[in-house]
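An overview of the molecular structure
Chain by chain, the residues run as shown.
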Amino acid sequence: MNNKKLNLTALTALVLSSMVGAGVFSLPQNMAEVASPLALMIGWSITGIGILFLAISLLLLSRIRPDLDGGIYTYAKEGFGELVGFCSAWGYWLCAVIANVSYLVIVFAALSFFTDHSGNVVFGDGNTWQSLIGESILLWIIHWLVLRGTQTAAGINKLATLAKLIPLSLFIILAIFAFKIDIFKFDFSGAEMGIPIWQQVKNTMLITLWVFIGIEGAVVVSARAQRRKDVGLATLLAVISALSIYILVTLLSLGIVPRAELAAMKNPSMASLMIHMMGNYGEIIIAAGLIVSVCGAYLSWTIMATEIPYIASLHGSFPKIFKSQNKNNAPSSSLWLTNGAVQLALILIWLSGSNYNMLLTIASEMILVPYFLVGAFLIKISFERASKGLLIIGAVTSLYGLWLLYASGTINLLLSVILYMPGLFIFLYAQNQNNNKKSLSRLERNAIIIIIFSSIPAFWYLLHI
């Protein structure tokens, strides 16, 4: 049996690797496309404050309620009941599945830098049939690694985290020397875009959130930590490191080439910037770094995605079948569910021709409710303990969650309603399986009916826009 636990270094690497994945390599173009330097500085300030308070909330909850393994799911269930807990678990699991799909897609989109040229598309944007075959092979290799146990996967992840920091550090150093203040200040407020500053700031929110998804990694696998107090510390260390990297990469890029030129670059845009700074070798360095980085992030997300149905099944929110573990203590049934869903999604991506940016938006939307509930649970605890400090931290975290829901826009909210709907049938099956159906309150039963029926007009609206 593989009973080894994760130490502080492994937990920090897990969180950092799950956050610093594909997003950072496309961040220059993604942000330049929607916002000016001024709007980006405001956007990062809001995100920095919000995400640090979220990290502090997770740290405090891991210390206050060390009995709650699984974090994101168990906080919601303990605070607000069976249905809210399931919705948090389902939203988080879907986010993880979509994130894993996006990572596989961007790996093969990066490989297209080496294989594709005019008139000969092999991997394209990661959505060709050749990409589908390669993505499927990589998917099941990672599946095999995770089946060998969380400790084995986490050890490989530590090496991948170190490897990804090398090209990122090189980019930041070169960008500091290449930075020109005149380029950075040109059209500083984005007047040429014709979009108000506040709208530009709103447009950055799902992008900035996307690169921080994974912040909860140590909390999700808290049951496998050597020391419970390391869970919150690992989260805070990883968030501060990631925030520093993202701000430097984004703002320095706007001082290398004009914003409009950066916005038009093909992703991963960091590769094009490296060519600008050091020639064709720069593209090779970034493409290789992206592939290593994404594989590490994908491994982290597979671990976290697998843990949620397993923990939820132990509490009766997911069907009993997902309780099973193999001889290495890996939640095997949950892993098969997760990677089966990823495989199906890859096929749909190939059929529909969707790309990384579309997946980014969907994944970011599905994590909004679970993150909001973290702050809401801390607020509830603050009243129970009559603590003003906990109340302030929980309130800021919750306000950040509400702001993200507002900034995401109506269409994305409607899409999330549709994606939550099929999960409710799984929830009702699990409740029936565990003889808990009668324990649901009238409010919970009414909420299920409202979500199911509201998804019908939401689906109709999306089809007609």
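Residues numbered from 1 in each chain as written. Predicted model: local features only at pLDDT ≥ 70, side-chain atom pairs only at ≥ 80, totals over all residues. Heavy atoms only, no water.

1. Side note on the side chain of Ser 313
Our working definition: Helix numbers and strand numbers start at the N terminus; a helix is a DSSP run of H or I with at least 4 residues, a strand a run of E with at least 2. For each residue, the accessible area found with a 1.4 Å probe, counting protein chains only, is set against the maximum for its type, and the residue is called buried under 20%, exposed over 50%, and partly exposed in between. Whenever two N or O atoms come within 3.5 Å, that pair is a polar contact, provided that in protein one can donate a hydrogen and the other can accept it, and provided that, for residues adjacent in sequence, both atoms are side-chain atoms. We call two residues in contact when some of their heavy atoms are within 4.5 Å.
Mapped onto the elements of the fold, Ser 313 is located in helix H14 (residues 280-314). With relative accessibility at 1%, the residue Ser 313 sits in the buried group. At 3.3 Å, the side chain of Ser 313 forms a polar contact with the backbone oxygen of Phe 322. Those residues within four positions of Ser 313 in sequence are excluded, and the remaining contacts are Phe 318, Pro 319, Phe 322 and Lys 323.

2. Looking at the nonpolar core
Selection rule: Residues enter a nonpolar core if they are buried and are Ala, Val, Leu, Ile, Met, Phe, Trp, Tyr or Cys, with the set joined through side-chain atoms within 4.5 Å.
In terms of nonpolar packing, the biggest core is built from 133 residues, with Phe 212 and Tyr 246 touching the most fellow members. When residues of this core are assigned to their parent elements, the largest contribution, 23 residues, is made by helix H5 (residues 82-115). Contacts of Phe 212, omitting those with residues within four sequence positions, involve Met 19, Trp 44, Thr 47, Ile 51, Val 239, Ala 242, Leu 243, Tyr 246 and Tyr 371.

3. Remarks on the environment of Gly 91
Counting through the fold element by element, Gly 91 comes out in helix H5. Gly 91 sits in the buried class, given a relative accessible area of 0%. Sequence separation between Gly 91 and Tyr 73 is 18 residues, and the spatial gap between their C-alpha atoms is 9.7 Å. The residues touching Gly 91, leaving out its near neighbours within four places in the chain, are Met 366, Pro 370 and Tyr 420.

4. Some remarks on the packing of aromatic side chains
To keep it simple, the criterion reads: Aromatic contacts are taken between Phe, Tyr and Trp rings whose centres are within 6.5 Å, Trp giving its six-membered ring; a plane angle under 30 degrees counts as stacked, one over 60 as edge-to-face, and the others as tilted. In our convention, an over-ring charge means Lys NZ or Arg CZ found within 6 Å of a ring centre and within 35 degrees of that ring's normal.
Enumeration over the complete set of coordinates arrives at 14 aromatic pairs. Aromatic side chains Tyr 75 and Phe 377 sit 5.7 Å apart centroid to centroid with 20° between the ring planes, which places their arrangement in the stacked category. Separated by 302 residues along the polypeptide, Tyr 75 in helix H4 (residues 72-80) and Phe 377 in helix H17 (residues 368-385) bring together distant segments of the chain. The residues Tyr 75 and Phe 377 share a single accessibility class, namely buried. Note on Phe 86 and Phe 318: the rings are 5.4 Å apart at their centroids and 40° apart in plane angle, and the pair reads as tilted. Of the two residues, Phe 86 sits in helix H5 while Phe 318 sits in the loop between H14 and helix H15 (332-352), which places them 232 residues apart along the sequence. Grouping aromatic residues by their ring pairs yields a cluster made of Phe 86, Trp 90, Trp 93, Phe 318, Phe 322 and Phe 427. One cation-aromatic arrangement involves Lys 202 over Tyr 406; the distance from NZ or CZ to the ring centre is 4.3 Å.

5. What about the pattern of salt bridges?
Applicable threshold: By convention in these notes, a salt bridge is any Lys or Arg side-chain nitrogen within 4 Å of a carboxyl oxygen on Asp or Glu.
In this structure the tally under the stated criterion is two salt bridges. In this structure, Arg 65 engages Glu 78 in a salt bridge whose closest nitrogen and oxygen atoms are separated by 3.4 Å. With Arg 65 in the loop between helix H3 (37-64) and H4 and Glu 78 in helix H4, the pair connects residues that are 13 residues apart, well separated along the chain. Of the charged contacts in the structure, one is a salt bridge between Glu 82 and Lys 77, with a shortest N-O distance of 3.6 Å.

6. A short note on unusual backbone geometry
If you check the backbone angles, Asp 187 has positive phi at about 50° while not being a glycine. In this fold, Asp 187 is placed in the loop between helix H8 (181-185) and helix H9 (197-210). You can call Asp 187 buried: its relative accessible area is 18%. In the Ramachandran plot, Ala 386 falls in the positive-phi region, its phi being about 55° despite a non-glycine side chain. Counting through the fold element by element, Ala 386 comes out in the loop between H17 and helix H18 (388-408). Given the relative accessible area of 71%, Ala 386 is considered exposed.

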